[in-house]
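Residue-level listing of the chains:
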Amino acid sequence: MRVIIMGCGRVGSAVAGRVAASDHEVTVLDTDPYSFRRLPSGFPGQSLIGDGTRHRHLEEAGIRDAHAFLALTQGDNRNILASQIAKHIYRIPTVVTRVYDPYRAEIFGRLGLVTFSPTNVGADMAWAALLGDAGVGQAARG
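Scope of this entry: the structure provided in the associated data block.

This part covers a nonpolar patch on the surface. The grouping of Trp127, Leu130 and Leu131 at the surface amounts to a nonpolar patch, some 390 Å² of accessible area in total. By secondary structure assignment, the location of Leu131 is in the loop between α5 (118–130) and α6 (134–141).

The structure is reproduced here in structure tokens:
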């Protein structure tokens, strides 16, 4: 499987490492070259400086041959725009979008994007920990 990840922050670099460790091809796209330092040592994938909302950069990343696209930057607007481009213009079968705003995540989920909201995930984990769910507490400490 060929995967493109937009955003090489903590989440993007961790996912890129997992994808590469699973013997899939991965290209990481980020506007800041310094962010690639977060990739695991010996990272076998490709890292490109670029913006996933620009067709030229997506083409350089190999979007036409990709099976999956993940938008994992800090910006909801960039993530949503890049995901819409990947899904509707390049027809990438699997597109995953991080959207911090839970309301926007719900709206774009209804429009066909696979979204997740770290805000909702964090709130769910905090609530479960408050109620004494040991499994959640372990994950939060891990």
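After presenting the structure, the write-up continues.
Our focus in this paragraph is helix α1 (residues 10–21). Every α-helix winds through 3.6 residues per turn, so residues three or four apart in the chain are directed the same way. Between its first and last C-alpha atoms α1 spans 17 Å; for 12 residues at 1.5 Å apiece the expected length is 16 Å, and the two agree. Those residues of α1 lying buried are Gly12, Ser13, Ala16, Gly17, Val19 and Ala20. Projected down its long axis, α1 shows its buried positions confined to an angular sector of 165 degrees, all on one face. Turned more than 90 degrees away from the buried face of α1 sit Arg10, Arg18 and Ala21, all of them exposed. Two residues or fewer after α1 comes Asp23, characterised by a positive phi angle close to 65 degrees.

In terms of burial, strand β5 (residues 94–98) is largely enclosed, as four of its five residues are buried. With four bridges joining them, strand β4 (residues 68–71) and β5 adopt parallel strand pairing. In the sheet register, Leu70 faces β5, and the bridge partner there is Val96. For the handedness criterion, the β-α-β arrangement of β4, helix α3 (residues 76–89) and β5 is classed as right-handed. For β5 and strand β6 (residues 114–116), the ladder comprises three bridges, and the chain directions are parallel. The residue of β6 that forms the bridge with Val96 is Val114. Crossover handedness for the path β5 to helix α4 (residues 102–110) to β6: right-handed.

Thresholds, definitions, all that
Residues numbered from 1 in each chain as written. Predicted model: local features only at pLDDT ≥ 70, side-chain atom pairs only at ≥ 80, totals over all residues. Heavy atoms only, no water. Patch = residues over 30% accessible without salt bridge, like charges linked within 9 Å, V, L, I, M, F, W, Y side chains within 5 Å. Areas by Shrake-Rupley, 256 points an atom, 1.4 Å probe, with all protein chains shown as cover. Salt bridge = Lys/Arg side-chain N within 4 Å of Asp/Glu carboxyl O. Helix = DSSP H or I, 4+ residues; strand = E, 2+ residues; numbered from the N terminus. Expected span 1.5 Å × (residues − 1). Buried < 20%, exposed > 50% of the residue type's maximum accessible area, 1.4 Å probe, protein only. Arc of directions from axis to C-beta. Pairing = 2+ DSSP bridges. Right-handed = clockwise from strand over helix to strand, strands pointing away.

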